[in-house]
Amino acid sequence: MLDKVVGLIMLIVATTVFLYYTTWTLLMPFVDQGHPLHDLFPPRVWAIRIPVILILLGSAVVGSFLSMVMIRSNRKKAAKARAVEAGKKKA
């Protein structure tokens with residue numbers, strides 16, 4: 001039951017963010033600058049900056065994760081090779 005509630009909350013948050021961003025980027029350029037609706041949204045330049053920052057951060061996280069996995073995998077292979085080499089020397 002908890003997973004359904006969490007999924008519903010995530011869906012609602014994602015839909016809200018999508019609708020807000022879509023309204024901000026696609027509809028607000030057609031609204032007059034003096035309209036009070038503009039007070040609900042940040043400056044339009046942030047419509048480009050925010051996704052770029054998120055993409056850069058996401059790429060950094062994914063790249064860090066992949067490099068950590070590759071380093072650990074290489075260490076395991078090296079340890080196995082050392083163990084095999086040590087076994088050959090004993091025999």
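The structure presented is a predicted model; accordingly, all values stated were derived computationally and were not measured. Here the residue index of a chain counts from 1 through its sequence in written order. Reporting in this predicted model follows two pLDDT cut-offs: at least 70 for local features of residues, and 80 or more for side-chain atom pairs to be given and counted; totals over whole chains, interfaces and linings ignore these cut-offs and use all residues. Based on all heavy atoms of the structure, the side-chain values leave hydrogens and waters out of the count.

### Side note on the overall build of the chain
Helix and strand content of the chain: two helices and zero strands. In terms of overall size, the chain is more extended than a compact globule, its C-alpha atoms giving a radius of gyration of 25 Å where 91 residues would be expected to give roughly 12 Å. Here the C-alpha coordinates of the chain stretch approximately 85 × 40 × 15 Å along the principal axes. For the exposure calls, accessible area comes from a 1.4 Å probe over protein chains only, and a residue counts as buried if that area is under 20% of its type's maximum, exposed if over 50%, partly exposed in between. Across the 91 residues that make up the chain, the buried fraction comes to 5%. Carbon and sulfur atoms form 74% of the exposed surface of the chain, whose accessible area is close to 8200 Å². One finds the centroid of the 12 positive side-chain charges in the chain at a distance of 26 Å from the centroid of its 4 negative side-chain charges. Secondary structure elements are defined from DSSP: runs of H or I of at least 4 residues count as helices, runs of E of at least 2 residues count as strands, and each element is numbered from the N terminus. With the radius of gyration taken over C-alpha atoms, the globule rule is written as 2.2 Å times the number of residues to the power 0.38. Accessible surface is estimated by sampling points in the Shrake-Rupley manner with a 1.4 Å probe; for residues, cover comes only from the protein chains shown. Charge counting follows a simple rule: Lys and Arg are positive, Asp and Glu are negative, and His as well as the terminal groups are ignored. Where a charge lies is defined by one atom per residue type, namely NZ (Lys), CZ (Arg), CG (Asp) and CD (Glu).

### Regarding the UniProt feature "transmembrane region" (unreviewed entry) in the chain
What UniProt calls "transmembrane region" (unreviewed entry) maps, in this numbering, to residues 5–26 and 46–71. The straight-line gap between the two end C-alpha atoms of residues 5–26 is 31 Å; of that span, 100% is helix and 0% is strand. This span, residues 46–71, is 100% helix and 0% strand, and a straight line between its end C-alpha atoms measures 37 Å. UniProt positions are given in the numbering used here, feature names are shortened, and annotations may be inferred rather than shown by experiment.

### Thoughts on the environment of Met28
With respect to the element layout, Met28 can be found in the loop between α1 (2–27) and α2 (46–90). Once the C-alpha coordinates of Met28 and Phe65 are considered, the two residues, 37 residues apart in sequence, prove to be 38 Å apart. Setting aside residues no more than four positions away along its own chain, Met28 makes contact with Thr23, Leu37, His38 and Phe41. We call two residues in contact whenever any of their non-hydrogen atoms come within 4.5 Å of each other.

### As for a positive patch on the surface
A patch consists of residues whose relative accessible area exceeds 30% and which take part in no salt bridge; residues with like charges are grouped when within 9 Å of each other, and nonpolar side chains (Val, Leu, Ile, Met, Phe, Trp, Tyr) when within 5 Å. The salt bridge criterion pairs a side-chain nitrogen of Lys or Arg with a carboxyl oxygen of Asp or Glu, the two atoms within 4 Å. The grouping of Arg72, Arg75, Lys76 and Lys80 at the surface amounts to a positive patch. Mapped onto the elements, Lys80 comes out in helix α2. Classification of Lys80 as exposed rests on a relative accessible area of 62%.

### Section: the packing of aromatic side chains
Two rings from Phe, Tyr or Trp (for Trp, the six-membered ring) form a pair when their centres are within 6.5 Å of each other. A pair whose planes differ by under 30 degrees is stacked, one over 60 is edge-to-face, and the rest are tilted. Summed over the entire model, instances satisfying the criterion amount to three aromatic pairs. Every member of this aromatic cluster is reached through a ring pair, and the members are Tyr20, Tyr21, Trp24 and Phe41.

### Topic: the side chain of His38
If you trace the backbone, His38 turns up in the loop between α1 and α2. Leave out the neighbours within four places in its chain, and His38 touches Met28, Val31, Asp32 and Gln33.

### So, a nonpolar patch on the surface
Taken together, the side chains of Met1, Leu2, Val5, Val6, Ile9, Met10, Val13 and Val17 make up a nonpolar region of the molecular surface, amounting to roughly 820 Å² of accessible area. Structurally, Met1 is set in the segment before α1. For Met1, a relative accessible area of 76% gives the class exposed.

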